[in-house]
Amino acid sequence: MTLPPSRRVPADRPVRAVLVGCGGMSAAWLRAAANVLGLEVVGLVDLNGSAALARQSEFGLTQAQTGTELEAVLDATRPDLVFDCTIPEAHHATALTAFNHGVGVLGEKPLADTLERAQDMVRAGQQAGLFHAVIQNRRYDPNIRRVRAFVEGGRMGDVTGVHADFFIGPHFGGFRDAMTHVLLLDMAIHTFDAARLICGQDPVSVTCHEWNPAGSWYAHGANAVATFQMTGGVVFTYRGSWCAEGFPTTWESDWRITGTRGTVRWDGGDHPRAAVVTGTGGFFSEVEEVDLPPVAPDARTGGHEGLIRDAVQVLREGGTPETVASDNIRSLAMVLAAIESVESGQPVEVTW
């Protein structure tokens, strides 16, 4: 949806934001917000009041209200936007509270902890005509923008396959060690959402196998392999591990995108590469390695900061954010369908 004029913020005042959930991720949000012109953080909320006070002091937000109840802080500050940094199980209640107060939401991933709650959130935000988007920060990596632009440009022909490897062995400690489906629930949405961006297609169905290998320090599901059928005849494959010791991929995954006239390789770093067909007729086609163009000046980049900056722009000028909840629910649906396939042992249609 496009933000209607009645919900836009006038140019003569800052966009006011309240951050709820002052745990570890909130620091990244507040660092990014401090660099966005025309934005003012007017409130900090956490069930643990001392956590809100600590963030207030750490970031010098001396004028911001603090509290343990979101409704009370919303009433006191009358913001335009809620930054939702709560745990996934709290996203539904947080969003509906914000919408009931006429306030938009920019939330942490995933959109919600269940598809039903995500659907309810999307409906509520649309019915209220309010801003509602997800911080899918890896979309705002400059190199994924270069890959997407090259794929979209057609030089490698039509995309036929998107293949991603994610192999990292982080010893987090804490809640992740005890999670079920830890890789799929905690991390895979980044790669699944990136695949949607790269190929420009949506999921249709998935078959997924999950296991916890010998030596894993997680309680459940540290490894997974998934195959998605996408629209347009594209197949997306994912191989991942949260407990791979040695030769780690980047956090952005290691990618191979195949097309009818070429291939893109991207290790998640700064040097994506492409090889395109220049001649046919022999046993192997003739190919030429080409450089991907630099990131376009108007490309959406900047991680958290870029997403928050775009949110401010949409709140002022209208339009639709790239990570609008009504679209991002498709990435969440990929995760939940993959888990359903694991539990049923059968292919599962992806619905949202």
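Since this is a predicted model, take the numbers as computed values, not measurements.

Peer 1: Where do I start with empty space enclosed by the protein in this structure?
Peer 2: To locate leftover empty space, one rolls a probe as large as a water molecule over the atoms. Under the counting rule described, the total for this entry stands at four cavities of 30 Å³ or more. Each pocket or cavity is described by its volume, and for the second largest cavity that value is around 60 Å³. What lines the second largest cavity is simply Arg138, Ile144, Met187, His190, Thr191, Ala194, Trp251, Glu252, Ser253 and Trp266. Ranked by residue count, the leading element in the lining of the second largest cavity is helix α8 (residues 188–199), at three residues. Taken together, the residues of the lining of the second largest cavity break down into five nonpolar, three polar and two charged.

Peer 1: I'm lost on the sheet that holds strand β15 (residues 348–349) in this one. Help?
Peer 2: Whether parallel or antiparallel, the strands of a sheet pair through hydrogen bonds between backbone atoms. An order of β14-β13-β12-β11-β7-β10-β9-β8-β15 is seen for the nine strands of this open sheet, with the pairing classed as mixed. Whereas interior strands pair on both sides, the edge strands pair on one side only; in this sheet they are β14 (286–291) and β15. With seven bridges joining them, strand β7 (residues 159–167) and strand β10 (residues 235–241) adopt parallel strand pairing. If you follow valine 162 over to β10, its bridge partner there is phenylalanine 236. The strands touched by helix α6 (residues 142–153) within the sheet are β7, β11 (254–259), β12 (262–266), β13 (273–279) and β14, with β12 carrying the most contacts at an inclination of about 175°.

Peer 1: Which parts of the structure should I look at to understand the sheet that holds strand β3 (residues 65–67)?
Peer 2: The six strands are arranged β3-β2-β1-β4-β5-β6 in an open sheet whose pairing can be described as parallel. Each end of this open sheet is capped by a strand with a single partner; those strands are β3 and β6 (132–134). For this sheet, the mean angle separating the axes of adjacent strands, direction not counted, is 20°. Pairing of strand β1 (residues 15–20) with strand β4 (residues 81–84) involves four bridges; the strand directions are parallel. What sits directly across from leucine 19, in β4, is phenylalanine 83.

Peer 1: How should the packing of aromatic side chains be read in this particular structure?
Peer 2: One pair of aromatic rings is described through two measures. These are the centre distance and the angle between the planes. Counted by the stated rule, this structure contains 12 aromatic pairs. Pairing phenylalanine 166 with tryptophan 242 gives two aromatic rings, centres 5.4 Å apart and planes at 70°, and the pair type is edge-to-face. Taken as a pair, phenylalanine 166 in strand β7 and tryptophan 242 in the loop between β10 and β11 lie far apart in primary sequence, 76 residues in all. Of the residues examined, phenylalanine 166 reaches a relative accessible area of 0% and is grouped as buried. The class of tryptophan 242 is buried, set by a relative accessible area of 1%. Taking 6.4 Å as the distance between ring centres and 15° as the angle between the ring planes, the aromatic pair formed by phenylalanine 236 and tryptophan 255 counts as stacked. With phenylalanine 236 in strand β10 and tryptophan 255 in strand β11, this pair connects stretches of sequence that are 19 residues apart.

About the criteria used
- Residues numbered from 1 in each chain as written.
- Predicted model: local features only at pLDDT ≥ 70, side-chain atom pairs only at ≥ 80, totals over all residues.
- Heavy atoms only, no water.
- 1 Å grid on protein atoms, 1.4 Å probe; cavity = no way out; pocket = protein on both sides within 12 Å on 5 of 7 lines; lining within 4 Å.
- Points joined across faces, edges and corners; volume = space filled by probe spheres on them.
- Helix = DSSP H or I, 4+ residues; strand = E, 2+ residues; numbered from the N terminus.
- Nonpolar A, V, L, I, M, F, W, Y, C, P; charged D, E, K, R; others polar.
- Pairing = 2+ DSSP bridges.
- Contact = heavy atoms within 4.5 Å.
- Axes fitted to C-alpha atoms, helices over the stretch in contact; angles between N-to-C directions.
- Phe/Tyr/Trp six-rings, centres within 6.5 Å; stacked < 30°, edge-to-face > 60°.
- Buried < 20%, exposed > 50% of the residue type's maximum accessible area, 1.4 Å probe, protein only.

Note that every value here comes from positions in space, so none of it alone points to a role or purpose.
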